[in-house]
Each structure stands twice: as C-alpha cells, then as structure tokens.
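# Fold and contact review
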Amino acid sequence: MLEVYRDSDSKRFSDGIFRRRVVPAAPGSGLPPRHGVLSRLYLRRWLVLLAAAVIGLLSLFHGLPLGAPTAAILTFVAGAAFIPASRTRLRYDAVSVDRAKEETLAVAKPIADALPDPAILLARDGTILAFNGKARDLFEGLKNGAHISSATRSPQVLDAVMECGPANRQQTVTFSERVPVERHMAATVSWLVLPSDAGPSILVYLRDLTEQRRLDQLRADFIANASHEIKTPLASLSGFIQTLHGAARHDEAARDRFLPIMAKQAERMARLIDNLMSLSRVEMRAHLKPQGEVAIADLVEQACEALEPMAAEADVTVAVESEVGDVTVLGDRDELTQVFINLVHNAIKYGRKAGTVQVKLKRQRSGSQDMIAISVEDDGPGILGQHLPRLTERFYRVAGAAGHEKGGTGLGLAIVKHVVNRHRGELRIASEVGSGSKFTVLLAEHKGSRGQLEVVFRPTAQPTLEE
C-alpha cells in the first residue's frame, strides 16, 4: 500500500496527531485499483504468502495429504480476497480526530478567555464548542454541545453564522436583546483557519454598544427634560431678581418675602439636577448585573435612620419590621440605599400628618426563586388607580397632589424603577384612595453562602400594579 502524509503531518507527528490517505496508483505502475477483490488480495499478498509457506512446511514435516494444505491455502486466499477491510483504521482515525479536537480546543479556549469581550467558538454547523466567562454572563443559555440558537434568537447573528465560510471569512452585524434587560450588541463572526479540521471553525466576538447608545439617548433626554423642568424655577428667579432690582429695590418687606422663595426655587433646581444625574448614572449601568453582597435588612434600617430628622419634623412614626434575619442579596449598596430612602421619603412627605410609615421585610416565593419583599406603606390619602401606571415616568406628578407644593421633582420613582430593574427585581405599587399607598420591592435572595452556585433573577421591565 502506498501512503503519503499531508504537509502539516510532519509538524504534528511528534504529538501523535496525523492523518493518512491512500493515493491511487498511477497508470502504468502495475498496482491494482483501490477497491474490489483484487485490491484486497494485492494488499494482503505478503500475509497470504506467509500463510502458504507455513502450511507447506507443516505438510512437509508432518506428512499431510496434498489435498489438505491445498484446501487450506485456497481458503485463506479466498478469505483475504473477499473479507472486507478491518475497521481498525476507522477507529484509529476517529481517535486521531478526537485528539486533534481536544488539543485544538485546549489552545483556543485560553485565547477566548483572554479576550476582554464575550467570545464563542463554534463548529461549522453552529454547535457551541467553547466560550469565555463574559459570554456566559451575557447569554444564560450557553452550553457546550448545543446550537448557537439556544443562546440567542437574533436573526442577524444566526444568518451570519450560517453564511460564514472560506468565501465569507468575516462579517459584523448589530442586534438588540430585550431580556433580561435591553442590550445593543455588535457581533463579529469570523472564519478560523486552524491546523486541525476537527477544531472550532467560527469565532463569534461580541462588543457591547449599550453604553454608547444610552449616552446618545441620555444627551437628548437631558436637554429635553432638563430644559423643560428648569424653565419654571428659572423664570421665577429671574422675575424676583428683576423686581428686587427695580420697584422693590428699597422695599425690605418685599425682599424678606421674595428671598426665601428664591432660595427654595434654587434648591429645587439643584435637587432636580442631582436627580437627573443619579438617573443618568443608573441608566448607564442598567445592563450590568450588580455582583456585591448586601445585607438587605441592615441597609433598609440604615436608610430609615437617615430620615429620622425629617420624620420627627413631620411627626411621622417610621416602624421597621424584619422577618428575614441576616439574608443577603446581590446588588449595589449605594443604589439600593437610594431606592429605600426615596420610598420612605415619599411616604413621609405624602403620608398623613402625624401618621405612621410601615416598613416590612418578608421572604416570599416566586416560582422556583426565593425573593425578599421589602414594602413601604403609608396611611395617607392614597392615589387614584388611573395614575398608578404612570408614577414611575420621569417628571410625572399627580395633578392637584402635594408634589408640586412640596417641591417634588417627579424623578424619585423613576430612579427607583431603574435601580430595581438593574437588580433584576420587581416593583409593585398598590394604592387605595383614603387608605394610603404601598410600594413593594422584590429582590432575589442570594444563597451563595448556603452552597448554591448560581442565583436566578426574575427581571421586569415595568412595575406591577395592584389595586
């Protein structure tokens, strides 16, 4: 049998990774064709000759009848000609392919892990062979051996993977993911040229464009919203200043009356800008899942303690009741503190004079997930059901409510909603006119300290309303 090695075999021979192929005989070389009875007989000729020699020697030394060795030799020749080739080579080739695949992946996987952005290695048919930690955080459905469609349903990405090949080596597409949070991504699908055909053939490299898109949107939103909301207090300040510079220049009574109003309007503008900046920071990081462990009961208690002076001034009692002990959640401590300060602050401000604000922490089951429910309930006048769906909109304030009189910016609940969404939590609002309002935040309990390896979050895009 005439065999040659591929060009790359010499480089991999020392590692035991090589393949062989049988070269057809050239015309006039005297060799039989590759397939058929004569081919098998020719390939096994030395084995047939060796068997014939052994049988001949045995018959010569032991005096066997001539018919017996002749029949044995003819039987052996027939077997060599008609019995199909052994499967040993196929098994050997399969082992070589598996070994080549493992060693190629052993090199490619660390390279994917070293990339700063999500990267996925695929076979030619789109089967997932390997991925790095960033890709696992991005797509929860990633699993070795599964098809790429199990991780993303984006038609742009799937089409790019199907079209990827030697003739179309690289293609970049953009797509959006809505679950669990809104993301904008760019995927570069590249054809890989590796020494082993058994290794990965396609690299999907992803870049997160969410922050850039949000920056562009935030610039537009800030100009539109801030200019509208700042216009009223700025007009008031300008009018008072002109009055004090004009007819009321020497009017002490007017000055004493106007200056506190001007200070209040300036304070409102400063608070408005602070809230806008806080909201912008939260939206910028809405696609990033918080990873810090927070003792939620201690955090809520500290948020209530920070508002004790305000509660004392309003003669409101803030009562905290916890049934969860030292349970933790995954989150950003500063953002969660702001959430509960905003909720308790609103309950004190818009609740009943000399009333009570109840803050309760309970464990609650939601599907297969243990959740921590933190509710803030006041005994104020309540809110009409028609306003509940819009409470978390920017700058939305209930018409005729105390929000305008008490200097509310209309951004507090918008901040709460975005922070809760970033933490893959849920915001529920319940209110009844004459009986007060109840705002409940649900966060997934973190069980890492109890031996679980993973925490599953239940995302929500909008607050759930209960009437």
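In this text, all values refer to a predicted model and were calculated from it rather than measured experimentally.

## Regarding the pairing of strand β14 (residues 436-446)
Burial analysis of β14 places 10 of its 11 residues in the buried class, the great majority of the element. In the sheet, strand β10 (residues 328-330) pairs with β14 via 2 bridges, with the strands oriented antiparallel. Directly across from T328, in β14, lies its bridge partner H446. As defined by bridge partners, strand β12 (residues 369-377) adjoins β14 across 7 bridges and the pair is classed as antiparallel. Across the sheet, V376 pairs through a bridge with F439, a residue of β14. Where strand β13 (residues 426-432) and β14 come together, 7 bridges link them in antiparallel fashion. For E426, the partnering residue across the bridge sits in β14 and is L442.

## Some details on the packing of helix α3 (residues 45-62) against helix α4 (residues 67-82)
Remark: α3 packs on α4, axes separated minimally by 10 Å, with the N-to-C direction vectors making an angle of 165°. Classified by the interaxial angle, the pair formed by α3 and α4 is roughly antiparallel. In terms of crossing hand, the pair formed by α3 and α4 is right-handed. Between α3, through L47, V48, A51, A52, I55 and S59, and α4, the contact on the second element is made entirely by P69, A72, I73, F76, V77 and A80.

## Some thoughts on the packing of helix α10 (residues 296-306) against helix α12 (residues 333-350)
At a minimum axis separation of 9 Å, α10 and α12 run at an interaxial angle of 50°. Here α10 lies oblique to α12, going by the angle between them. In this structure, α10 meets α12 at a crossing whose hand is right-handed. Contacts between α10 and α12 pair I296, L299, V300, Q302, A303 and C304 from the former with R333, L336, T337, F340, I341 and V344 from the latter. Considering only residue class, the contact of α10 with α12 consists of 9 nonpolar, 2 polar and 1 charged.

## Examining the pattern of salt bridges
Applying the stated criterion across every chain yields a total of 7 salt bridges. In this structure, R365 engages D370 in a salt bridge whose closest nitrogen and oxygen atoms are separated by 2.4 Å. Note on D370: relative accessible area 14%, which makes it buried. A salt bridge links E426 to R428; the shortest N-O distance between them is 3.1 Å.

## Quick look at the sheet that holds strand β7 (residues 202-208)
Backbone hydrogen bonds hold the strands of a sheet together, and the pairing may be parallel or antiparallel. Taken in spatial order, the 5 strands line up as β4-β3-β7-β6-β5 in an open sheet, and their pairing is antiparallel. Every interior strand has two partners, whereas the edge strands, β4 (128-131) and β5 (170-177), have only one. Each strand of the sheet is rotated relative to its neighbour by a mean of 25°, with strand direction disregarded. Sheet topology places strand β3 (residues 119-122) next to β7; 4 bridges connect them, and they run antiparallel.

## Notes on the nonpolar core
With 57 residues, the main nonpolar core has I296, F340 and L343 as its most contacted residues. If you tally residues by element for this core, the top one is helix α9 (residues 252-284), at 8 residues. The contact partners of L343, leaving out residues within four places of it in the chain, are V376, L413, V416, F439 and V441. The next biggest cluster of nonpolar side chains, apart from the first, holds 24 residues, and it includes F131, V157, L158 and M185.

## Section: the pairing of strand β11 (residues 356-366)
In this structure, strand β9 (residues 317-322) lies alongside β11, joined through 6 bridges in parallel fashion. Following the sheet pairing, V318 is matched in β11 by V357. Sheet topology places β11 next to β12; 9 bridges connect them, and they run antiparallel. Bridged to V359 within β12 is V376. Connecting the antiparallel pair β11 and β12 is a turn made up of 2 residues, with G367 showing a positive phi of about 65°.

## So, unusual backbone geometry
Of note, the phi angle at D315 is positive, near 60°, even though the residue is not glycine. Mapped onto the elements of the fold, D315 is located in the loop between α11 (308-313) and β9.

## Considerations on α3
A rise of 1.5 Å per residue sets the reference length of α3, with its 18 residues, at 26 Å; its end C-alpha atoms lie 26 Å apart and thus fit the reference within 8%. The set of residues buried in α3 consists of V48, A51, I55 and S59. Viewed end-on, α3 has its buried residues packed into an arc of 65°, placing them on one side of the element. Every exposed residue of α3 that faces more than 90 degrees away from the buried side is listed here: W46, L49, L50, L60 and F61. Close packing links the buried residues of α3 with α2 (37-43) and α4. Looking one or two places after α3, you find G63, whose phi comes out positive at around 65°.

About the criteria used
Residues numbered from 1 in each chain as written. Predicted model: local features only at pLDDT ≥ 70, side-chain atom pairs only at ≥ 80, totals over all residues. Heavy atoms only, no water. Buried < 20%, exposed > 50% of the residue type's maximum accessible area, 1.4 Å probe, protein only. Helix = DSSP H or I, 4+ residues; strand = E, 2+ residues; numbered from the N terminus. Pairing = 2+ DSSP bridges. Axes fitted to C-alpha atoms, helices over the stretch in contact; angles between N-to-C directions. Parallel < 35°, antiparallel > 145°, perpendicular 65-115°, else oblique. Left-handed = near helix turned anticlockwise from the far one by under 90°. Contact = heavy atoms within 4.5 Å. Nonpolar A, V, L, I, M, F, W, Y, C, P; charged D, E, K, R; others polar. Salt bridge = Lys/Arg side-chain N within 4 Å of Asp/Glu carboxyl O. Core = buried A, V, L, I, M, F, W, Y, C linked by side-chain atoms within 4.5 Å. Expected span 1.5 Å × (residues − 1). Arc of directions from axis to C-beta.

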